[in-house]
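Chain by chain, the residues run as shown.
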Amino acid sequence: MHVRNRVTTVGAATAVLVLVGATCAQGHSADRQRNPHADKPITVSSKAFDQGETVPTKFTCDGVDVSPTLHWRHIPKKAEALALVVDDPDAPGGTWTHWVVLDIPRTTRVSHEAGVPKGGVQAENSWGDASYGGPCPPSGTHRYRFKLYALDEPTGLDEGASLETALDAVAEHATEHGQLVGLYSAK
């Protein structure tokens, strides 16, 4: 069994992303009420699992630990870039970030299994690695949020940017987001 050390620190940037997500969702909902023909909400999906279902072991620390194929639709016309953030809000010390990919071109619509979205730049995750680290809860069942953000401009950050810097940049430039939530239980 593959086990990872967990650091139990929470960055202020994570709290900002939660607030940005709530603000984006509220703002988008209000826009749709005023204009029913506004862009549809961003949707994120995977053939590996559906919303609220278990993430297959293959994509976790108990398996091969590779990223699942993800698809997204309904990217806002005003988006200049995209960012993908995968996190666990149920981690003991606060939200644990598993993957951050920045500056994905707005025309990219898929992240292939074990790959990085075409044109994207990986920042550090909570383990300090600029790569995907799959679900790996220490106990119980956790939620894993695969979130795609529309950005008003690219972050301009380099491969391996620090987690805090990356999450701050996403929080600063996010205008809308969509997410797919999967579950995984400790083995």
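Before reading further, recall that the structure is shown in the block above.
Residues numbered from 1 in each chain as written. Predicted model: local features only at pLDDT ≥ 70, side-chain atom pairs only at ≥ 80, totals over all residues. Heavy atoms only, no water.

A. Highlighting the sheet that holds strand 5 (residues 110-111). Read from one edge of the open sheet, three strands run 1-2-5, paired in antiparallel fashion. If you trace the sheet from one side to the other, it starts and ends with strand 1 (43-45) and strand 5, each paired once. Two strands pair when backbone bridges link them, and strand 2 (residues 70-73) and strand 5 are joined in this way by two bridges, in the antiparallel orientation. Within the sheet, the bridge partner assigned to His71 lies in strand 5 and is Val110. (Pairing = 2+ DSSP bridges. Helix = DSSP H or I, 4+ residues; strand = E, 2+ residues; numbered from the N terminus.)

B. The arrangement of the side chain of Asp103 in detail. Along the chain, Asp103 falls in strand 4 (residues 96-104). The buried charged residue Asp103 lacks any salt bridge partner; its closest oppositely charged side chain belongs to Arg106, at an N-O distance of 13 Å. A distance of 2.5 Å separates a polar atom in the side chain of Asp103 from the backbone nitrogen of Thr155. Non-local contacts of Asp103, meaning those with residues more than four positions away in its chain, are made with Ala81, Leu82, Gly119, Gly120, Leu151, Pro154, Thr155, Gly156 and Leu157. (Buried < 20%, exposed > 50% of the residue type's maximum accessible area, 1.4 Å probe, protein only. Lys, Arg positive; Asp, Glu negative; His and termini not counted. Salt bridge = Lys/Arg side-chain N within 4 Å of Asp/Glu carboxyl O. Polar contact = N/O pair within 3.5 Å; in protein donor to acceptor, adjacent residues only side chain to side chain. Contact = heavy atoms within 4.5 Å.)

C. Spatial organisation of the pattern of salt bridges. Applying the stated criterion across every chain yields a total of four salt bridges. Note that Glu113 and Lys58 form a salt bridge whose closest N and O atoms lie 2.6 Å from each other. Residue Glu113 is found in the loop between strand 5 and strand 6 (121-123), and its partner Lys58 is found in the loop between strand 1 and strand 2; the two are separated by 55 residues along the sequence. Of the residues examined, Glu113 reaches a relative accessible area of 36% and is grouped as partly exposed. It is possible to trace a salt-bridge network through shared partners that takes in Asp87, Arg145 and Lys147.

D. Summary view of the state of the cysteines. Considering all chains together, one arrives at one disulfide under this definition. The partner cysteine of Cys61 in its disulfide is Cys136, sulfur to sulfur 2.2 Å. Between Cys61 and Cys136, the disulfide has an S-S torsion of 85° and is therefore right-handed. Of this pair, Cys61 sits in the loop between strand 1 and strand 2 while Cys136 sits in the loop between strand 6 and strand 7 (141-151); the two residues are 75 residues apart in sequence, bridging distant segments of the chain. As far as the burial class goes, Cys61 and Cys136 line up, both buried. (Disulfide = S-S within 2.5 Å.)

E. Layout of the sheet that holds strand 3 (residues 81-88). Strands sit in the order 6-4-3-7-8 across an open sheet of five strands; the sheet is antiparallel. Two strands lie at the open edges of the sheet, namely strand 6 and strand 8 (174-185), each paired on one side alone. The average undirected angle you get between the axes of adjacent strands in this sheet is 15°. Two strands pair when backbone bridges link them, and strand 4 and strand 6 are joined in this way by three bridges, in the antiparallel orientation. Directly across from Val100, in strand 6, lies its bridge partner Ala123. The strands touched by helix 2 (residues 163-173) within the sheet are strand 3, strand 4, strand 6, strand 7 and strand 8, with strand 4 carrying the most contacts at an inclination of about 60°. (Axes fitted to C-alpha atoms, helices over the stretch in contact; angles between N-to-C directions.)

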